[in-house]
Amino acid sequence: MLIELCKITKKVKNGSKYKNILKNLDLKVYPGDYIAIKGRSGSGKSTLLNILGGLIPFEAGEMFFKGKNITKTSLDERAKYRREYIGFITQQFNLLDDRNVFENIALPLQYAKFPEKEIKKEVINTLSKLDMKEFIDKPISNLSGGEKQRIAIARAIIKKPSIILADEPTGSLDEKTEESILNIFDNLQKQGITIIMVTHSNELANRCRYIYQLEGGFLRKSF
């Protein structure tokens, strides 16, 4: 097993009070899983994704990674977990508009202090896999929404993560562009990468191996 969440409870502030957005939530993720998490806005989907990525703590429950309990790890240990195993992709892309394509994709390897020659090689290889090698020097501001999302995917996969966490990765894209992004995710999953995504898209969810519905703080598997 890759990740296991056991009886996770997470509170969020609602006005002057707090409410449990996740209630004794359980989830098991195995290597190579392709998972969609659906639910209404405000149901806790992004919160769950952030917990899986080690970005936020939770009030109760336990989280295991490869059998190791990582519930009470330090900030440095959680940062190492994200750096070594997790790739994040968001609907807003979160690219740096004042830098070009190469500089955006290179960031994770620069943070990890890779040699410059190796960084350049990995950026070129990653762009080639996405048929975007010719975009390497283009300013981010000159790209379309679909192109930006592909660059965001390239940045997420350049460090060869075990897990990709995607939050509404096609939410702002047109139908044709969405299909191209879906094909990229399909290919990544076939390469053995575990993918967990939050989505409102039935088409995207139906491409996944498992679909979960998050409602009332609990996860229910659709199939």
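You'll find the structure just up there.
Structure report, in brief. Everything numeric in this text was worked out from a predicted model, so none of it was measured.

So, the overall build of the protein chain
The helix and strand inventory of the protein chain stands at 7 helices and 10 strands. On C-alpha atoms alone, the protein chain measures out to a radius of gyration of 18 Å, which is about the 17 Å that the 2.2 N^0.38 rule sets for 223 residues. Dimensions of the protein chain, computed from C-alpha atoms along their principal axes, come out at roughly 50 × 40 × 40 Å. Evaluated residue by residue, the protein chain yields a buried proportion of 49% over its 223 residues. Residue pairs in contact within the protein chain that sit at least 24 positions apart in sequence constitute 70% of those at least 6 positions apart.

Digging into the pattern of salt bridges
Taken as a whole, this structure holds 5 salt bridges when the rule is applied. One salt bridge in this structure joins Arg209 and Asp33, with 3.7 Å as the shortest N-O distance. Here the residue Arg209 occupies a position in the loop between helix H7 (202-207) and strand S9 (210-215), and Asp33 occupies one in the loop between strand S2 (17-29) and strand S3 (34-38), the gap between them amounting to 176 residues. With relative accessibility at 39%, the residue Arg209 sits in the partly exposed group.

Let's talk about the packing of aromatic side chains
What the rule picks out here adds up to 3 aromatic pairs. Summarising the aromatic geometry, the rings of Phe65 and Tyr85 are spaced 4.7 Å apart at their centres and angled 55° between planes, so their arrangement reads as tilted. Of this pair, Phe65 sits in strand S4 (residues 60-65) while Tyr85 sits in helix H2 (residues 75-85), and the two are 20 residues apart along the sequence. Overall, the relative accessible area of 24% leaves Tyr85 in the partly exposed class. For the pair Tyr81 and Tyr85, a centre-to-centre distance of 6.3 Å together with 40° between the ring planes defines the contact as tilted. You can see Tyr81 and its partner Tyr85 sitting in helix H2, 4 residues apart, about one turn around the helix.

Considering the sheet that holds strand S5 (residues 68-69)
Consider a sheet: its strands pair through backbone hydrogen bonds, and that pairing is either parallel or antiparallel. Strand order in the open sheet formed by 4 strands is S2-S1-S4-S5, with antiparallel pairing between adjacent strands. In this open sheet, the two strands that pair with only one neighbour each are S2 and S5. With 9 bridges connecting them, strand S1 (residues 3-14) and S2 associate as antiparallel partners. Directly across from Glu4, in S2, lies its bridge partner Lys28. Sitting on the sheet, helix H1 (residues 45-52) touches S1, S2 and S4, and the angle it makes with S1 is about 130°.

Some words on the pairing of strand S6 (residues 86-90)
Judged by how many residues are buried, S6 sits mostly within the fold: 4 of 5 residues are covered. In the sheet, S6 pairs with strand S7 (residues 163-167) via 5 bridges, with the strands oriented parallel. Note that in S7 the partner of Ile89 across the bridge is Ala166.

Concerning the nonpolar core
Nonpolar side chains in soluble globular proteins tend to be buried together. Membership of the largest hydrophobic core comes to 41 residues, with the highest contact counts inside it found for Val123, Ile151, Ile153, Phe185 and Leu188. Listed by contribution, the elements that provide at least two residues to this core are S3, helix H3 (101-111), helix H4 (116-129), helix H5 (145-157), S7, helix H6 (175-190), strand S8 (194-198) and H7. For this core, the element with the most residues is H5, which contributes 6 residues. Beyond its immediate stretch of four places on either side in the chain, Leu188 contacts Ile153, Ile157, Ile164, Ile193 and Ile195. Judged by nonpolar contacts, the second largest core, of 28 residues, contains Leu25, Leu27, Leu48 and Leu49.

Rules and cut-offs
- Along each chain, numbering runs from 1 in the same order as the chain's sequence is written.
- Only residues with pLDDT of at least 70 are given local features in this predicted model, and only at 80 or more are side-chain atom pairs given and counted; all residues enter the totals for whole chains, interfaces and linings.
- Hydrogens and water molecules were not included; the side-chain quantities draw on all heavy atoms of the structure.
- The way it works is that DSSP assigns letters per residue, a run of H or I at least four long becomes a helix, a run of E at least two long becomes a strand, and they are numbered from the N terminus.
- The size measure is the radius of gyration over C-alpha atoms, and the globule rule it meets is 2.2 Å times the number of residues to the 0.38 power.
- The classification of residues rests on relative accessible area computed with a 1.4 Å probe and restricted to protein chains. Under 20% of the type maximum is buried, over 50% is exposed, and intermediate values are partly exposed.
- Throughout, a contact is declared for two residues whenever any of their heavy atoms are within 4.5 Å.
- In what follows, salt bridge is the name for a side-chain nitrogen of Lys or Arg lying within 4 Å of a carboxyl oxygen of Asp or Glu.
- Stacked, edge-to-face and tilted are the three classes for Phe, Tyr and Trp ring pairs, Trp counted by its six-membered ring, which pair at centre distances within 6.5 Å; planes under 30 degrees apart are stacked, over 60 edge-to-face, the rest tilted.
- Paired strands, in this sense, are two strands between which DSSP finds at least two bridges.
- Every axis in this analysis is a line fitted to C-alpha atoms, fitted for helices over the stretch in contact. Angles between the N-to-C directions lie between 0 and 180 degrees.
- Residues belong to one nonpolar core when they are buried, are Ala, Val, Leu, Ile, Met, Phe, Trp, Tyr or Cys, and are joined through side-chain atoms within 4.5 Å.

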